[in-house]
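So the chains spell out like this:
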Amino acid sequence: MREVQQFFPQRLPWIKAIVVKTRNSQDPQQKRGRLVFGEAADRKILENGVWYAIDPMINRDASFYLDTRNVRLWASQHLKDKSVLNTFAYTGSLGVAARAGGAARVVHLDLNRRFLNVAKTSYTLNGLAINKGDFQAGDFWPQINRLKASKDLFDCVFLDPPIYSATTRGVVDLAQSYKRLINKVRPLIKHDGYLVAINNALFYSGAAYMKEIESVCSDGYLTIEELIPVPADFIGEPQAPIAAPVTDPAPFQSLDKIVVLKYAAELKKRLALEVRR
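Procedures and definitions
Residues numbered from 1 in each chain as written. Predicted model: local features only at pLDDT ≥ 70, side-chain atom pairs only at ≥ 80, totals over all residues. Heavy atoms only, no water. Core = buried A, V, L, I, M, F, W, Y, C linked by side-chain atoms within 4.5 Å. Buried < 20%, exposed > 50% of the residue type's maximum accessible area, 1.4 Å probe, protein only. Helix = DSSP H or I, 4+ residues; strand = E, 2+ residues; numbered from the N terminus. Contact = heavy atoms within 4.5 Å. Lys, Arg positive; Asp, Glu negative; His and termini not counted. Salt bridge = Lys/Arg side-chain N within 4 Å of Asp/Glu carboxyl O. Polar contact = N/O pair within 3.5 Å; in protein donor to acceptor, adjacent residues only side chain to side chain. Pairing = 2+ DSSP bridges. Axes fitted to C-alpha atoms, helices over the stretch in contact; angles between N-to-C directions.

**Student:** Summarise the nonpolar core; cite the residues concerned and give the values.
**Tutor:** Judged by nonpolar contacts, the single largest core of 32 residues is most densely connected at Leu85, Ile144, Leu159, Ile182, Leu195, Tyr209 and Ile213. Contributions of two or more residues to this core are made by strand S6 (105-110), helix H6 (140-149), strand S8 (154-159), helix H7 (178-185), strand S11 (189-199), helix H8 (206-217) and strand S13 (257-263). For this core, the element with the highest residue contribution is H8, accounting for five residues. The residues touching Ile144, leaving out its near neighbours within four places in the chain, are Leu85, Thr87, Leu109, Lys184, Val185 and Leu188.

**Student:** With reference to specific residues and values, describe the side chain of Asp160.
**Tutor:** Relative to the assigned elements, Asp160 resides in the loop between S8 and strand S9 (164-166). In this structure Asp160 is buried but unpaired, with Arg72 as the nearest side chain of opposite charge at 7.5 Å. Apart from residues lying up to four places away in sequence, Asp160 is in contact with Thr68, Thr87, Phe88, Leu94 and Ile198.

**Student:** If you had to explain H6 to someone new, which residues and values would you point to?
**Tutor:** Count 3.6 residues to each turn of an α-helix, and residues three or four apart come out pointing the same way. Residues Phe140, Trp141, Pro142, Gln143, Ile144 and Leu147 constitute the buried set of H6. At the N-terminal boundary of H6, the capping side chain belongs to Asp139, with an oxygen 3.0 Å from the backbone nitrogen of Trp141. Residue Lys151 follows H6 closely and has a positive phi angle near 60°.

**Student:** Describe in detail the sheet that holds S13, supporting the description with residues and values.
**Tutor:** The strand order across the open sheet built from seven strands is S7-S6-S5-S8-S11-S13-S12, with neighbouring strands paired in mixed fashion. A strand with exactly one partner marks an edge of an open sheet, and here the two such strands are strand S7 (135-137) and strand S12 (222-227). Each neighbouring strand pair of the sheet contributes to a mean axis angle of 20°, computed without reference to strand direction. With respect to the sheet, H8 is in contact with S11, S12 and S13, its orientation differing from that of S12 by roughly 145°.

See below:
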């Protein structure tokens, strides 16, 4: 690590700071990271014309995921004047992109309020009004139930859960219960609305994920609209020697598997009317 710390500032002189994270440390602060070069890490970045607040030492990761850049671009281009639900929002980047692109409303849900505060800072950086009620901290399962009870509906729902999470209210397991998560949020989607389903489980193949998605679509309510690719520069240069993936990601480019589904809530109602006629 000392050699790395010496190499990069010489090779990349624009680097202002280096944070080292000891991911398996028993010390929470070591997991979040320590500054080993420079005076301070940057607290904002610019992507496709949108500012995002970051806090590189808020968590084990860097508070911003590069693999979902194309999802943020999709959100900014497709959700103007739409209502959006950003579940497992973390620091809110998908919802920030939607709101910056003209979405009428974005509701962010996350268990940790500190992460949602970063999303609020992103709103401020982009001159977006903050409605405190749209930043909801709490467990996913009762939060979704409350939205159902209040009959809230959204034009788009982002579903980007952690690989595994367990609370007293329920378990999230991307390789075992992703279909359950989709069925949980599906009643909140408006007719002709979108569900953006993201699964980055390392040991879950692309074929297995597509099989699960096709199973969810079998009743005719959901259809596959498109697959959003991970940016090529996130995967690596084509000529770079890299190890084979743990499982085959095909038809995706990597094990970050992103599918846009379209929801036809009124489909069976229309079919029933046609049968009666």
